[in-house]
Amino acid sequence: MSEDQTLLALKLGRGELECEDDALPGDANTILQAIGSQRHLDPLFYRGDLASDELVIVCTDGAWRKATNVGIQRLFRTCTPDDEGQLERACRDLVRLDIARGETDNITVACLSGILRGPGGGELR
């Protein structure tokens, strides 16, 4: 899940533009809200349930821009959601791949699984 926070996305969403080619120079690079750039943010929240075998990969555009959905799926498809070592290796491999492909933006990757654990390591339901 992602929602672009740029002026271009806002204009497209409002129907002010028919396509990206109609945008003004800089619209795609004008960020409307970002952590550290303003006092008040209007964050987006998504709620839902994950099964114990589901995995969600949350990452910045620097992590996915040089990769494809298929490529990211390949890196994570053999990971078991509760195996932190496998998940960490897949995250590191994605970062290395992005850097090797010339990504210069910040790269952040996080994995969320449907298994929640408490402070003592016990499974929460």
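Right, let's walk through the structure included here.

The rules we used
Residues numbered from 1 in each chain as written. Predicted model: local features only at pLDDT ≥ 70, side-chain atom pairs only at ≥ 80, totals over all residues. Heavy atoms only, no water. Core = buried A, V, L, I, M, F, W, Y, C linked by side-chain atoms within 4.5 Å. Buried < 20%, exposed > 50% of the residue type's maximum accessible area, 1.4 Å probe, protein only. Helix = DSSP H or I, 4+ residues; strand = E, 2+ residues; numbered from the N terminus. Contact = heavy atoms within 4.5 Å. Patch = residues over 30% accessible without salt bridge, like charges linked within 9 Å, V, L, I, M, F, W, Y side chains within 5 Å. Areas by Shrake-Rupley, 256 points an atom, 1.4 Å probe, with all protein chains shown as cover. Salt bridge = Lys/Arg side-chain N within 4 Å of Asp/Glu carboxyl O. Lys, Arg positive; Asp, Glu negative; His and termini not counted. Charge placed at Lys NZ, Arg CZ, Asp CG, Glu CD.

1. Points about the nonpolar core
Part 1: Core analysis: the biggest nonpolar cluster contains ten residues, these being Ala-63, Ala-67, Ile-72, Phe-76, Cys-79, Leu-87, Ala-90, Cys-91, Leu-94 and Val-109.
Part 2: Mapped onto this core, the elements with two or more residues apiece are helix H3 (69-76) and helix H4 (84-100).
Part 3: Considering each element in turn, this core owes the most residues, four residues, to H4.
Part 4: If we skip the residues at most four places from it in the chain, Cys-79 touches Gln-86, Leu-87 and Ala-90.

2. Overview of a nonpolar patch on the surface
Part 1: A cluster of nonpolar side chains, namely Leu-50, Val-58 and Leu-112, defines an oily patch on the protein surface of about 230 Å² accessible area.
Part 2: Among the structural elements, Leu-50 can be located in the loop between helix H1 (7-14) and strand S1 (55-59).

3. Section: a negative patch on the surface
Part 1: A grouping of Glu-3, Asp-4, Glu-18, Glu-20, Asp-21 and Asp-22 is seen on the molecular surface, where their side chains present a negatively charged patch.
Part 2: Within the secondary structure, Asp-21 is located in the loop between H1 and S1.
Part 3: Classification of Asp-21 by relative accessible area gives exposed; the value is 72%.

4. Examining the environment of Ala-90
Part 1: In this fold, Ala-90 is placed in helix H4.
Part 2: Residue Ala-90 is classed as buried on the basis of its relative accessible area, which comes to 3%.
Part 3: With 21 residues separating them in the primary sequence, Ala-90 and Cys-111 have C-alpha atoms 9.8 Å apart.
Part 4: The contact partners of Ala-90, leaving out residues within four places of it in the chain, are Leu-75, Phe-76 and Cys-79.

5. What to know about the pattern of salt bridges
Part 1: Enumeration according to the criterion identifies seven salt bridges in this entry.
Part 2: Linking Arg-92 and Glu-88 is a salt bridge whose minimum nitrogen-to-oxygen distance equals 3.0 Å. Of this pair, Arg-92 and Glu-88 both sit in helix H4, four residues apart, roughly one helical turn.
Part 3: Since its relative accessible area comes to 47%, Arg-92 is described here as partly exposed.
Part 4: The exposure class of Glu-88 is partly exposed, given its relative accessible area of 44%.
Part 5: One salt bridge in this structure joins Arg-96 and Asp-93, with 3.1 Å as the shortest N-O distance. With Arg-96 and Asp-93 both in helix H4, this residue pair falls three residues apart, about one helical turn.
Part 6: A relative accessible area of 34% means that Asp-93 is categorised as partly exposed.

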